[in-house]
Amino acid sequence: MDLNLTKDELQFRDELRAWLAANMPRDWNDWREKPLEESFPYLRAWQRKLQEGRWAAVSWPKEYGGRSATLMEQAIFWEEMARVEAPPMANSLGLGLIGPTIIAYGTEEQKKRYVPKILSAEEIWCQGFSEPNAGSDLASLQTEARLDGDAYIVNGQKVWTSYGWVGDWCELVVRTDPNVPKHKGLTVLLVDMKAHGVDVRPLRQMTGESEFNEIFFRDVRVPAANVLGKVNDGWNVAISTLAHERGAYGARLHLLFKRNIDRLIALAHTIQHNGKPAAQDPLIRQKLAQYYAEIEIMRLNQMRAFSRITATGVPGPEGSILKIFWSELNQRIQQFAQELLGPYGQLLGTDSRAVDHGIWSYGYLRTRGNTIEAGTSEIQRNIIGHFVLGLPRSY
Amino acid sequence: MQFGLSDSQQLLKDNARKFFAAECPMAQVRRLMETDTAYDAALWSKMAEQGFTGIIFPEEYDGAGLGKVELILLMEEMGRALVPGPFFSSVVLAGALLDATGSPEQKKKYLAPVCRGEARSTAAILEAGANWDLASLQISASKGKLTGEKLFVPDAAVADSIIVIARDGVFIVDADAPGIEITPMTGMDFTRKLYAVQFAGTPAEKLGAPSGLAKALDIATAALSAEMVGGMQRTLEITVEYAKTRKQFGKPIGVFQAVQHQCADMYLETESSRSAAYYAGWALEEHAPDAAVAVSIAKMYASDACRTVGNRGIQVHGGMGFTWENDLHLYYRRAKASETMFGDATFHRERIARFTVDSATSSAKSA
C-alpha cells in the first residue's frame, strides 16, 4: 500500500497542470450556465483544443490518438479537470464509451472511418440502448433490424438518449433474431442519425430541461457493413460499452461533491439558526461531518477499486458499490442543503433571491435521477448479491 | 499510487487468518468468554511467538518493527476471529501509549516485556462521567500518588501494569501496587472484560513524553476500527452462507431481493469501513496531515456500520439469528462495546466538525 503518486503519475499530473494553466479557457464562466444548444460549438472547440495537446482521450491507445494512460492516470486526469472546473467535452459519450468499443470490436475500416472524427468532435455520438419497455431489463429490447439485401431495415423506439438532438451517429442495439433467448439475438449497429426515417424528439425531464431524447426509427436502412462486432453478439458489445460507464470518470465526482460540502459549510457560517450561525448547531454539525466523511470514503473506495483493476485487470468487488455510494450520498447532500436553506432552498435560478443562482433547487431535483440513471440502485444491489456475493439469481 | 496490499502485507493477513482459525476457533472463543478474564496463557504465548505482541514497536524494545498498516491487517483478522482476551488493551492501547509517551528507560522497563509477551498492560481513561473528551478528566496525581476511580478499563484483571490518563500527565502504576482495587464491570461483550479500578494513594510513575498521548490514542482508535471491520466481514460471510442454504417457499432465501439487498448493503458498509480503516492506518504511518481526521472518519463510519451490519445479519437469519447458539450475537455484542470505545459516531462527527467546519470560519466571511 502506497498512496503517494509514483514518479510517472506525478509527471503526468504536472504536464497536465501546465497544459491546463496555459490553455484553460478564460471565458468559460460566461458560457457555463447557458443551454447546451447554445454552448455546444464552444464545447466542440474546447475538445479540439484538448486533442491538439493529446488530452481528449487519455485512456485510448497511443496509436489511436490517446496516451495509453493507466487507470490511475485517468483518475488524475478527471480530478485535474474538475479542479480547474474545466468545461466538459462535446463528444463525451464518443470519447468515453463508444470510441473504446469501436476500437475493441470494430474492423480496421470502421476504426479508420469513425475514430478520428470522434476525437476531433467532428461527429458527435449518442447511444441507443434503453427502450420504453427495456430499462433495467435491457436484453428484452424490441427495436428490430431485418436484413434486406446489403442493409438492415430498422424499426423501433429508443429513450433516455443523451446528445440525441446533436448526434451524428448512434451506437444502436437492435434485435436481429427474435427466435433465440433474449441475450443471443442482439446486434450493435452504427447508425447515421441523418438517415431517412430517424426522428429525434426531446424528452422533458422533471428539472424542466431536456438532457435526453427519444429516438424513433421507421424503416431506416443501415448498411450491413455497419454492424459492430458480430451479428447476434450485440449483448457482449453493449456490455463492453456499459463497462466503460463505470470507469475512471467517477474520479472527478469527489471533487464536485467536495466543492458542494465546502460551500454548504461556508453557508452554515452565514445562515442563522435559533439566533446563532447554523455551523454552531450540533445537528447541522453532525450532518456536515457525516457528509464530509462519506465524500472522503467515496474517494477511498474509488482508489481501492482502481488499484484492484490495475493489479489484477478485473474490477474489484469495491467497484460495484461505487454507483450506489455516490448516487445515494449525492441525494442526501442535496436534501441536507434544502434543510439548511429552509424556504430559500426551493427558489429557482430565475428568482433574484435564489441562493447561489438556484444551484440547490436544481441539484435537489436533478440528483433525484442519480439512483435511477446508469443502473438503478436496485439493479446495482442485485449485481452485488449475485455476482459479488454469489447469491442465486432472483430473475 | 497503489491502495492494495503488498505481497508481504497479504502474507501477514493470510497467516494471521490461518493462525486464528487453528488456535482460536469459535469453540475456543465460547470457552474463553465464559471464564472470568477471557485470557488464555497458552494462546498468548503462541501469539507472542508469531511476533504479534510486538508488532509495531521498535526492535530495540523487542518489537517486530512493522507499520501501522500491518497492525490494521492483524486487527482485522483478530476481529474476524473474535479473539477474546487482552491483546487490544495490552499490545495496541497500552503498547502505543508506552511507545509514544514513555522515556527510553520506561520503554525498556514496561514496553519490552509486553512485546516479548511476558507482561500485559492496559490503560485507564474513562471516569464516572464516561466522557472521551480528555479535557473532562478529573483524576490527578498529587506528589506521585493517584487517588480516584477509573471505569471501563479493559482487561485490568490480567494486566501487570495500568497506564492512567490524568489531568496532569500520563502515569503508569503496578497492578499490585498498594491502594489499587480492581472490580469487574459486567458488560454485554463477554470476550473483552471491563473493570472499575480504584486508586487510593497509589504510587504512580509519570511517563516522560505526554505529548505523544493523542497520537497513541489515534493508533488505538484506528486499530479498533479495523477490528470492527473484521467483525463485519465475518457477520457478512455467515449471513451470505445462511442465505444460500436456508430454504423457505421451496427456495434458498437468498433468491429473494429483499434478502439480497440486505446482504448488498452489508457488503457496501463493510467495504467502505475497510477503505476508511486502511487509509487511517496508512495516514498514521506516513504522518499525513489529515491523519487525525482520517482516524475519526474510520471510527465514525465503522461505529454506525458495525451496528447496522449486525442488525441486517440477524434480520436475514430470522429466528435463528436470535438464538444463543448462533454466533452472530457474539459479534453483535462486541460491535456494541467497540462502538462506544474511544467515542461513538456522534463523538467523532463532532471531532470531524472541529477539524473541518470550524476551520472554515474565515473562508466563510469571504464567501
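Residues numbered from 1 in each chain as written. Chains lettered and ligands numbered in written order. Predicted model: local features only at pLDDT ≥ 70, side-chain atom pairs only at ≥ 80, totals over all residues.

Chemist: Just checking my understanding: could you explain unusual backbone geometry for this structure?
Modeler: For residues other than glycine, phi is negative in most cases, and the peptide bonds are mostly trans. Backbone geometry places A121 of chain A, a non-glycine residue, at a positive phi of 65 degrees. Mapped onto the elements of the fold, A121 of chain A is located in the loop between helix 6 (108–119) and strand 1 (125–128). Its identity as a non-glycine residue notwithstanding, F249 of chain B has a phi of 55 degrees, on the positive side. Mapped onto the secondary structure, F249 of chain B falls in the loop between strand 9 (247–248) and strand 10 (251–252). (Helix = DSSP H or I, 4+ residues; strand = E, 2+ residues; numbered from the N terminus.)

Chemist: When you look at the environment of T187 of chain A in this model, what are you seeing that I'm missing?
Modeler: Residue and element names in this part refer to chain A. Relative to the helices and strands, T187 resides in strand 5 (residues 186–192). Judged by C-beta crowding, with 23 C-beta atoms within 10 Å, T187 ranks as buried. With 43 residues separating them in the primary sequence, T187 and E144 have C-alpha atoms 9.6 Å apart. When sequence neighbours within four positions are dropped, the list of residues in contact with T187 reads A145, V174, T176, V227, V231, N232 and G234. (Buried ≥ 20, exposed ≤ 12 C-beta atoms within 10 Å, placed from the backbone. Contact = placed C-beta atoms within 7 Å.)

Chemist: I tried to follow the domain arrangement of chain B on my own but got confused; where do I start?
Modeler: Much of the literature gives interface size as the accessible area that the parts lose upon coming together. All names here are of chain B. Entries for chain B in the domain assignment read domain 1 (7–119), domain 2 (122–209) and domain 3 (212–360). Computed from C-alpha atoms alone, the centre-to-centre distance between domain 2 and domain 3 is 28 Å. Facing 10 residues of domain 2, the contacting portion of domain 3 comprises 10 residues. (Domains from an automatic or database assignment.)

Chemist: How should the interface of chain A and chain B be read in this particular structure?
Modeler: Of the residues lining the interface, 44 residues belong to chain A; the matching set on chain B comes to 44 residues. At the level of elements, helix 8 (253–270), helix 9 (282–312), helix 10 (319–341) and helix 12 (377–388) of chain A are the ones that each hand at least two residues to the side of chain A that touches chain B. Take the side of chain A that touches chain B: its biggest share by element is 16 residues, from helix 9 of chain A. A breakdown of the residues in the side of chain A that touches chain B according to their chemical character gives 25 nonpolar, 11 polar and 8 charged. (Nonpolar A, V, L, I, M, F, W, Y, C, P; charged D, E, K, R; others polar.)

Chemist: What exactly am I supposed to notice about helix 12 of chain A here?
Modeler: Three- or four-residue spacings in an α-helix give side chains the same orientation, since the helix completes a turn every 3.6 residues. Residues and elements named next belong to chain A. Its 12 residues place the ends of helix 12 15 Å apart at the C-alpha level, agreeing with the 16 Å of an ideal helix rising 1.5 Å per residue. Among all positions in helix 12, only Q380, R381, N382, I384 and G385 are buried. In the stretch just after helix 12, G390 is the one whose phi turns positive, near 75 degrees. (Expected span 1.5 Å × (residues − 1).)

Chemist: Sorry if this is basic, but what is going on with the pairing of strand 7 (residues 194–203) of chain B here?
Modeler: Walk down a regular strand and you will see the side chains alternate between the two sheet faces. Residues and elements named next belong to chain B. Bridging between strand 3 (residues 145–154) and strand 7 involves 7 bridges; their strand directions are antiparallel. Each residue of the ladder has a partner; that of K145, found in strand 7, is P203. Note that strand 6 (residues 180–185) and strand 7 share 6 bridges and pair antiparallel. Within the sheet, the bridge partner assigned to I182 lies in strand 7 and is V197. (Pairing = 2+ DSSP bridges.)

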